[in-house]
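Results of the structural survey
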Amino acid sequence: MTNGTAASGGAVRRWWPRVRLVVSVALLVLVFSRLDVGRAVDVLSSARLELLALVVLLFYAGRFFAALRWYILIRAMGSHAPYTSLVRLTFIGIFLQFMPAGSIALEVGRVYGLSRTTDDLAGSFASVLMERLFGLFALILVALTGLAFAPPGVPPSLANLAWVGFAVIALLAWGIMNGWMRGLLDRPLRAAGLEAVREKLGKLYARLDATRERPGLLAWSMLAALVNTLFRILPAWFVALSLGIEVSFPQLFVIVPLIYLGAQIPISVAGLGVREIGWVALLGLIGVPASDAIVLSLLLVVAVFVAALPGAWMWARHGLHDPAALEAPAPGGGTPAGGGSAAP
């Protein structure tokens, strides 16, 4: 890599989080320009606190379930990681997404933290990649299922958007798992003499290919991803009930997955701004005032932040290092698990 290329990459890493922050602020300003403060105060003052408390509990439960789906997927790759370590990394990841790097910080934190526990960087990256792809597939499948029942007020044309997303993710998954596409990527790497990169990609492909030998666990992982989507829909439904917003569960079965899909686009901090615009636009289709949608969205953000506080505490105490793994002696009296350098 030339000095110019390295400097360019460093500039992108420095400036991109700032760009995301600017985008979030700009989008939030645009959203709040539609806020009727008086109506928002009235809606917020009527909130049922017991339902909001239930929302926070659902987000907590969702983190434990998300760690379980990650655990199943790691097993499908023929590897192992303690469930407690995955719970810890899941909570820390939710906290990290509130940083300027957003979802990138979340995924990088999970990959690095797991590699410190398993001493397997390729396996850690593969598990996070597959977990993310399964999560995106689940969101789209749930949205398409909801659209099949034609909930009142939800335009059937939204199915076109969902199918486009499905096609993009399916194409990405095919490209990752397809031998011809891997060979296409390998040729320029070989020509450039980037043997270290080829070796790391080979290890990543080996971890991904291991899932073909465990289709049962892979199916359970996909099922868990579908169930996990309920931990996104139910909180939105209970917030709507708390605020007296007239939106049905079947309508949210379509709207919530589409909003979360939009929030995955890495152009803002933790999806802020993108998600709020999604709530205003999609709830507006079924007659919900913009102010009500904004209040609902912000309460969900607050609930997620409260659910991320344990992750902030874990991060402050030990960072991404798992204290249990660091203290436990490795088999045969070697270094503790995660105590050495992560394998590429």
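Cut-off values and rules
Residues numbered from 1 in each chain as written. Predicted model: local features only at pLDDT ≥ 70, side-chain atom pairs only at ≥ 80, totals over all residues. Heavy atoms only, no water. Helix = DSSP H or I, 4+ residues; strand = E, 2+ residues; numbered from the N terminus. Buried < 20%, exposed > 50% of the residue type's maximum accessible area, 1.4 Å probe, protein only. Areas by Shrake-Rupley, 256 points an atom, 1.4 Å probe, with all protein chains shown as cover. Salt bridge = Lys/Arg side-chain N within 4 Å of Asp/Glu carboxyl O. Phe/Tyr/Trp six-rings, centres within 6.5 Å; stacked < 30°, edge-to-face > 60°. Lys NZ or Arg CZ within 6 Å of the ring centre and 35° of its normal. Patch = residues over 30% accessible without salt bridge, like charges linked within 9 Å, V, L, I, M, F, W, Y side chains within 5 Å. pLDDT = per-residue confidence, 0-100. Contact = heavy atoms within 4.5 Å. Axes fitted to C-alpha atoms, helices over the stretch in contact; angles between N-to-C directions. Parallel < 35°, antiparallel > 145°, perpendicular 65-115°, else oblique. Left-handed = near helix turned anticlockwise from the far one by under 90°. Nonpolar A, V, L, I, M, F, W, Y, C, P; charged D, E, K, R; others polar.

**Quick notes on the overall build of the chain**
For the chain, the count of helices and strands is 14 helices and 0 strands. Start at the N end of the chain and walk to the C end: the helices and strands fall as α-α-α-α-α-α-α-α-α-α-α-α-α-α. In the chain, buried positions account for 48% of the 344 residues. When the accessible surface of the chain is summed, it comes to about 16500 Å², and 71% of that surface belongs to carbon and sulfur atoms.

**Describing the pattern of salt bridges**
Evaluated as defined, the whole model comprises 14 salt bridges. With a shortest N-O distance of 2.9 Å, Asp209 and Arg182 are connected by a salt bridge. Here the residue Asp209 occupies a position in helix 9 (residues 195-209), and Arg182 occupies one in helix 8 (residues 179-191), the gap between them amounting to 27 residues. Taking the relative accessible area as the measure of exposure, Arg182 reaches 11% and is therefore buried. Put simply, Arg198 and Asp186 hold a salt bridge, and the shortest N to O gap is 2.5 Å. With Arg198 in helix 9 and Asp186 in helix 8, the pair connects residues that are 12 residues apart, well separated along the chain. On the basis of relative accessibility, which here comes to 24%, the residue Arg198 falls in the partly exposed class.

**A closer look at unusual backbone geometry**
Positioned with a positive phi, Asp119 is a non-glycine residue whose angle comes to about 60°. Counting through the fold element by element, Asp119 comes out in the loop between helix 5 (103-118) and helix 6 (121-148).

**A closer look at the packing of aromatic side chains**
Inspection of the entire model under this criterion finds 9 aromatic pairs. When the centroid spacing of 5.5 Å and the interplanar angle of 70° are considered together, the rings of Phe137 and Phe166 count as edge-to-face. Note that Phe137 is positioned in helix 6 and Phe166 in helix 7 (residues 158-177), a separation of 29 residues in sequence. Here Phe166 falls in the partly exposed class, since its relative accessible area comes to 25%. With centroids separated by 5.6 Å and ring planes inclined at 75°, the aromatic side chains of Trp163 and Phe166 adopt a geometry described as edge-to-face. Taken together, the residues span about one helical turn, with Trp163 and Phe166 both in helix 7 at a distance of 3 residues. Ring-pair connections join several aromatic residues into one group, and the members of that group are Trp237, Phe238, Phe249 and Phe253. If you follow Arg110 out to its NZ or CZ, it ends over the ring of Trp70, 4.6 Å from the centre.

**Considerations on a nonpolar patch on the surface**
Together, Trp15, Trp16, Val19, Ile104, Val108, Ile265 and Ile267 give the surface a local cluster of nonpolar side chains, amounting to about 630 Å² of exposed area. Of all elements in the fold, only helix 1 (3-32) and helix 5 reach the threshold of two or more residues within the nonpolar patch. The dominant element in the nonpolar patch, judged by the number of residues it contributes, is helix 1, at 3 residues. Tracing the backbone shows Val19 in helix 1.

**What to know about the confidence of the model for the chain**
Residue-level pLDDT values for the chain average 84, and 88% of them are 70 or greater. Ignoring residues within four places in sequence, the model shows residues 4-8, a span with pLDDT below 50, making 1 contact including any to other chains. This model gives residues 326-344 a pLDDT under 50, and the stretch forms 31 contacts once residues within four places in sequence are excluded.

**Re the packing of helix 5 against helix 6**
In the contact formed by helix 5 and helix 6, the axes pass within 8 Å of each other and the chain directions differ by 140°. The angle between helix 5 and helix 6 falls in the class oblique. Where helix 5 crosses over helix 6, the handedness of that crossing is right-handed. Taken together, the residues of helix 6 that come into contact with helix 5 (itself represented by Leu106, Glu107, Arg110, Val111, Leu114, Ser115 and Thr118) are Leu121, Ser124, Phe125, Ser127, Val128, Glu131 and Arg132. Its residues assigned to classes, the contact of helix 5 with helix 6 comprises 6 nonpolar, 4 polar and 4 charged.

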